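Descriptive analysis of the structure
Spelled out from the first residue to the last, the chains are:
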Amino acid sequence: MTVIRRLSAALATVALASTIALPAAGGTRSAVAPGGAETIVAPVGITAPTQIGRGWPAATTVAPGDWARNGHSDLMLIRSDGALMLYAGLAGQRFAAPVQVGRGWQVMNLVVGGVDWNQDGRMDLIARHTDGRLLLYPGNGRGGFLASKQIGKGWNGMRHVVPVQRSLGGQPAVIATDANGRMHIYPTVDGRFTTRVSLGYGWNAIRLLAQGGDWNKDGHTDLLAVTDGGDLRLYAGADRATFASSVLATGWQSLGMISVANQTSLQNDIWAVRDDGALLSYPSIFAAPAATRPNGATSPWPSTRPASYSGIWHSENGRIDSEMCTIPFMPTNRMHCRAINDLVNLNNAYLARFGRDLPIDTWPHATYRTYADQLSVWEEIGPPIAATPGTSPHGWGQAIDFYEEFGYGTAENIWLDTKGPNYGWSRMPWHDEGGSYGEWWHFDYVR
């Protein structure tokens, strides 16, 4: 398969994804995928973290949202010399080499981002000067800033200052807690603060406070907080001046910075900086639907055949159409019926982790290949990528090609490599990075 063919398919998928409708308040989000209807519900919690960086000081790490405007969450760092460095996010929760986008930021004792304050389609930063002034730094959409603007004064008395994209009146706002444990919302009209609204007392025990986007997918703005006791709590409904509180995790005493990283339009993971400078990613967990058992899902594997991944030529390879079942979540493709159940269960687990179906390539030969298909692939690509016709594991309906964009080291590929064997799907050693036929996209059914 050519990279160009895979890239074209990937771009087509992105175009489809951009048409997903936003949910109504109180509902779930649904999208029609190539394989039929897909319904995504709110995350039900978070799972064990993956370390994605080190050497990040929590006090000077800033989460600006998608500042680089490339579809990935970014980070910024204020160096001791006052330089503001941008680390543009890449696929697989990686970062590009840092680029300096500002200087003189050592005079700021708080910098927060992740909102389009002036609603011009670009992310902005809000910073608090050591003299108490609150300043807006509008992004210019090219990695830098437009002219800064003072939007408040006397803010040094606030313990937490959190901008949110939508609050009372549907406009951006700042949520702040003062030294006495009182929380206030500062709504805006056309970017200017109006009369603040008090949300009451008792917020002294909150150690960290961050915007949570619409974490629970109900159409309202949420907050994430870490208490002095180490609880990670969700406070849902910040744009309604009321909160519904729930505990997402415990034991967060050693974490000094938290933010929501929008990995997809549906998936919100939490990034956190530990006291030792480790940057951690906590994936959100979705409730997975139950697997269904298609007809013929338990078809046996005849003892007269070689293992599907052996590469041994066999006359039946690519000529067993009657043993194939339609893939329920991708009905344009087929797989051997004996592998369908495990594939559906793997897809449900992937859906729970990433909020979308398995990224099976939409190239026509990504799953089962007839003998004629194998001849076509052989003529198009040839060895060593294409197997000799009659030897391909695709000819047994027990191999899958995923999109090439999910290469070695991406979160998706690492997850498949780690979790796939639990469902009978593995990447063979010769396809591993550094193997004789490195194919990060190819997984075989080995049960």
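Residues numbered from 1 in each chain as written. Predicted model: local features only at pLDDT ≥ 70, side-chain atom pairs only at ≥ 80, totals over all residues. Heavy atoms only, no water.

**Side note on the overall build of the chain**
For clarity, the cut-off: Here a strand is any run of E in DSSP of at least two residues, a helix any run of H or I of at least four, and the numbering for each starts at the N terminus. Whether a residue is buried, partly exposed or exposed follows from its accessible area with a 1.4 Å probe, protein chains only, as a fraction of its type maximum: under 20%, in between, or over 50%, in that order. Residues count as neighbours in contact if any of their non-hydrogen atoms are within 4.5 Å of one another. To be clear on the numbers: accessible area is Shrake-Rupley with a 1.4 Å probe, and residue cover counts the displayed protein chains and nothing else.
A count of helices and strands for the chain gives four helices and 32 strands. When the 447 residues of the chain are sorted by exposure, 52% land in the buried category. The contacts of the chain with a sequence gap of at least 6 include a subset with a gap of at least 24, amounting to 49%. Total accessible area computed for the chain in this model is approximately 19,300 Å², and 54% of it derives from carbon and sulfur atoms.

**So, the packing of helix 2 (residues 337–354) against helix 4 (residues 411–419)**
The cut-off we apply is this: Note on definitions: angles span 0 to 180 degrees between N-to-C directions of axes, and those axes are lines fitted to C-alpha atoms, for helices only across the stretch in contact. Note: crossing handedness is left-handed where the near helix turns anticlockwise from the far helix by less than a right angle, and right-handed where it turns clockwise. All amino acids are sorted into three groups, where Ala, Val, Leu, Ile, Met, Phe, Trp, Tyr, Cys and Pro are nonpolar, Asp, Glu, Lys and Arg are charged, and the leftover types, Gly among them, are polar.
Remark: helix 2 packs on helix 4, axes separated minimally by 12 Å, with the N-to-C direction vectors making an angle of 140°. For helix 2 against helix 4, the interelement crossing comes out right-handed. Across from Leu346, Ala349, Tyr350, Arg353 and Phe354 in helix 2, the residues of helix 4 making contact are Ala411, Glu412, Trp415 and Leu416. Taken together, the residues of the contact of helix 2 with helix 4 break down into seven nonpolar, no polar and two charged.

**Things to note about the sheet that holds strand 30 (residues 399–401)**
Spelled out, the test is: What makes two strands pair is DSSP finding at least two bridges between them.
Pairing is antiparallel in the open sheet, where three strands are placed in the order 30-32-31. The outermost strands of the open sheet, each flanked by one partner alone, are strand 30 and strand 31 (425–426). Bridge analysis of strand 31 against strand 32 (residues 442–445) gives two bridges, and the strand direction is antiparallel. Among the inter-strand pairings, Trp425 is bridged to a residue of strand 32, identified as Tyr445.

**What about the sheet that holds strand 23 (residues 244–249)?**
Across the sheet, which stays open at both edges, the four strands sit in the order 20-21-22-23 with antiparallel pairing between neighbours. Two strands in the sheet have a free side with no partner beyond their single neighbour: strand 20 (206–211) and strand 23. Recorded for the sheet is a direction-independent mean angle of 25° between the axes of neighbouring strands. For strand 21 (residues 222–227) and strand 22 (residues 232–236), the ladder comprises five bridges, and the chain directions are antiparallel. Within strand 22, the position partnered with Leu223 by the bridge is Tyr235.

**Some thoughts on the packing of aromatic side chains**
Applicable threshold: Any pair of Phe, Tyr and Trp rings, taking the six-membered ring for Trp, is counted once the centres come within 6.5 Å. Such a pair is stacked with planes under 30 degrees apart, edge-to-face with planes over 60 apart, and tilted for the rest.
A full pass over the atoms with the stated rule returns 18 aromatic pairs. Where Trp155 meets Phe193, the ring centres are 5.8 Å apart and the plane angle is 35°; that geometry is what we call tilted. On the criterion of sequence distance, the pair formed by Trp155 in the loop between strand 14 (149–152) and strand 15 (158–164) and Phe193 in strand 18 (residues 192–193) is long-range, its members being 38 residues apart. Classification of Trp155 as buried rests on a relative accessible area of 5%. Residue classification places Phe193 among the partly exposed residues on the basis of a relative accessible area of 24%. Relative to Phe354, the ring of Tyr350 has its centre 4.6 Å away and its plane inclined at 35°; by these criteria the two rings are tilted.

**So, the environment of Ala349**
Tracing the chain through its elements places Ala349 in helix 2. Note on Ala349: relative accessible area 17%, which makes it buried. Note: C-alpha distance between Ala349 and Ile285 (64 residues apart in sequence) is 9.5 Å. Those residues in contact with Ala349 that lie beyond four places of it in its chain are Trp415 and Tyr423.

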